[in-house]
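Residues per chain are reported as follows:
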Amino acid sequence: MSNFIVLLGPPGAGKGTQAETISEKLHLPHISSGDIFRQNLKNQTQLGLLAAGFINKGELVPDEITIAMIRDRLSQPDCQNGAILDGFPRTPAQAEALSIMLSSINGKVKSVSYISVPENVLIDRLPGRWTCRKAGHVFHEKYSPPQTTGVCDFDGSELYQRDDDNPETVKVRIRVYLEQTLSLIEYYHQHDVLAEVDGTKSIEQVTRNLLATIQRNGNE
Ligand code: AP5
């Protein structure tokens, strides 16, 4: 049975930051729905251009498109032992679809970590995020600065600010999260796999707490 770990939380909670580290520690691939959309946009694929219309407004890409994209990604050989899912699922329909997908590949959601961060902290955080063009490594000008301003520590590529991190779009993303994703907390709570982690602690402390939570769920 392969084990999948879901990271849930509002925009800017730290899902991508944590997924990158946990993926290395647990030797599982990091699958970010947002990164796959952005990669498709960079390559100007039909999927990328379609998704951009929603992403730039802060809205969710329709379930049908997102589910098909993740189904395709999960069918790849590197997912046979599981994966860290960052940003998917984010609607009840996506959560149901994930459960069906995983049962067909002898997998299950082993652990869902809800990284909680209040809205005022998210609004403060997101304008300071810088992302690397080549591989999507994430930095923050105050909380996790690169060694050289504007340059990725890992691959030397240029750092940029996401279009959807402007204050107006951030407000829409938070509202969409509250309306469409928050209900997943109850959904996974009922499935007995949910644990909440305080995302206002330092990045390193959040990692330690997440790993402890994932470990605990694995032993139950
Ligand atoms: P996506 O890219 O998934 O965006 P998001 O969910 O809004 O989350 P973010 O990437 O903004 O934040 P994060 O939680 O990963 O935080 P990060 O680690 O970067 O999705 C983008 C768009 O794609 C969506 O709006 C939607 O349109 C579409 N989409 C994606 N998935 C979809 C789906 N399943 N269905 C439909 N549509 C979908 O951290 C943020 C910053 O804070 C960084 O600078 C970081 O360095 C810093 N930081 C992190 N942790 C801490 C900490 N503990 N203390 C201080 N700073 C911290």
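One can find the structure itself at the top, above this paragraph.
Computed from a predicted structure; not experimentally measured. (Residues numbered from 1 in each chain as written. Predicted model: local features only at pLDDT ≥ 70, side-chain atom pairs only at ≥ 80, totals over all residues. Heavy atoms only, no water.)

Trainee: Pulling in residues and values, what's your account of the sheet that holds strand β7 (residues 159-160)?
Mentor: Read across the sheet, three strands follow the order β6-β5-β7 without closing on themselves; strand pairing throughout is antiparallel. Unpaired on one side and paired on the other, β6 (138-140) and β7 mark the two borders of the sheet. Bridge count between strand β5 (residues 129-132) and β7: two bridges; the pairing is antiparallel. Note that in β7 the partner of C132 across the bridge is L159. (Pairing = 2+ DSSP bridges. Helix = DSSP H or I, 4+ residues; strand = E, 2+ residues; numbered from the N terminus.)

Trainee: An account of the site of the ligand is needed here, citing residue identities and associated values.
Mentor: As a matter of local geometry, the ligand sits amid 34 residues, with T17, E59, R90, R129 and R173 nearest to it. G14 places a main-chain nitrogen or oxygen 3.0 Å from an oxygen atom of the ligand. S33 places a side-chain nitrogen or oxygen 2.7 Å from a nitrogen atom of the ligand. Elements that contribute at least two residues to the shell around the ligand include exactly α1 (15-26), α2 (33-42) and β6. Looking at the shell around the ligand residue by residue, the classes come out as 12 nonpolar, 12 polar and 10 charged. (Near = heavy atom within 4 Å. Polar contact = N/O pair within 3.5 Å; in protein donor to acceptor, adjacent residues only side chain to side chain. Nonpolar A, V, L, I, M, F, W, Y, C, P; charged D, E, K, R; others polar.)

Trainee: Quick one: what's the story with unusual backbone geometry, residue by residue and with numbers?
Mentor: Cis geometry marks the peptide bond from F88 to P89; its omega dihedral reads 0°. When you line up the elements, P89 lands in the loop between β3 (82-86) and α5 (92-104). Positioned with a positive phi, Q44 is a non-glycine residue whose angle comes to about 55°. On the basis of relative accessibility, which here comes to 53%, the residue Q44 falls in the exposed class. (Buried < 20%, exposed > 50% of the residue type's maximum accessible area, 1.4 Å probe, protein only.)

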